[in-house]
Amino acid sequence: MRARRSPKPLARLSVRVALALGAAEIRLRLRFPRLTQALTPRAAAEHGPPCAELRRIESDPAYRALFFAELDAAITDRDAEREAMVHAVEAAAARLRSLVVPPDSGERAA
């Protein structure tokens, strides 16, 4: 059986220093989250998905056309739903009027 050679003292020291620095970084991140967030390097143009979507709409004509077609369809659907709701409310109001005011009473519903 071969005896294991111990790592060189300098290698052990560098591993210990790396572990100590990692532990110190973790403690600093826990203790001062805003400071570490401010010191963390970020890309200059780091924006969320909405900005990426707007950039794509502005730069890609085919995607822009598709987006506007879908937007027009959504607006048309919403208008149709609102119109259906208005008709349903008007029908319910007419039914309610017929229950409250009998048709032969001579009063005219406004």
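Above this note sits the structure.
What you are looking at is a predicted structure, and each value in this text was computed from that prediction instead of being measured.

**Student:** Help me out: how do you make sense of the overall build of the protein in this one?
**Tutor:** The secondary structure content of the protein amounts to four helices and zero strands. Going through the 110 residues of the protein one by one, you find that 3% of them count as buried. A total of about 10600 Å² of accessible surface is found on the protein, and carbon and sulfur atoms cover 62% of it.

**Student:** I tried to follow the pattern of salt bridges on my own but got confused; where do I start?
**Tutor:** For the structure shown, the criterion picks out two salt bridges. Notably, a salt bridge pairs Glu25 with Arg29, separated by 3.1 Å at the nearest N-O pair. Here Arg29 and Glu25 lie together in helix α1 (residues 9-31), a separation of four residues that amounts to about one turn. The class of Glu25 is partly exposed, set by a relative accessible area of 40%. Assessed through its relative accessible area of 42%, Arg29 is described here as partly exposed. One salt bridge connects Arg78 with Asp79, and the closest N-O pair in it is separated by 4.0 Å. Since its relative accessible area comes to 40%, Arg78 is described here as partly exposed.

Rules used in this analysis
- Residues numbered from 1 in each chain as written.
- Predicted model: local features only at pLDDT ≥ 70, side-chain atom pairs only at ≥ 80, totals over all residues.
- Heavy atoms only, no water.
- Helix = DSSP H or I, 4+ residues; strand = E, 2+ residues; numbered from the N terminus.
- Buried < 20%, exposed > 50% of the residue type's maximum accessible area, 1.4 Å probe, protein only.
- Areas by Shrake-Rupley, 256 points an atom, 1.4 Å probe, with all protein chains shown as cover.
- Salt bridge = Lys/Arg side-chain N within 4 Å of Asp/Glu carboxyl O.

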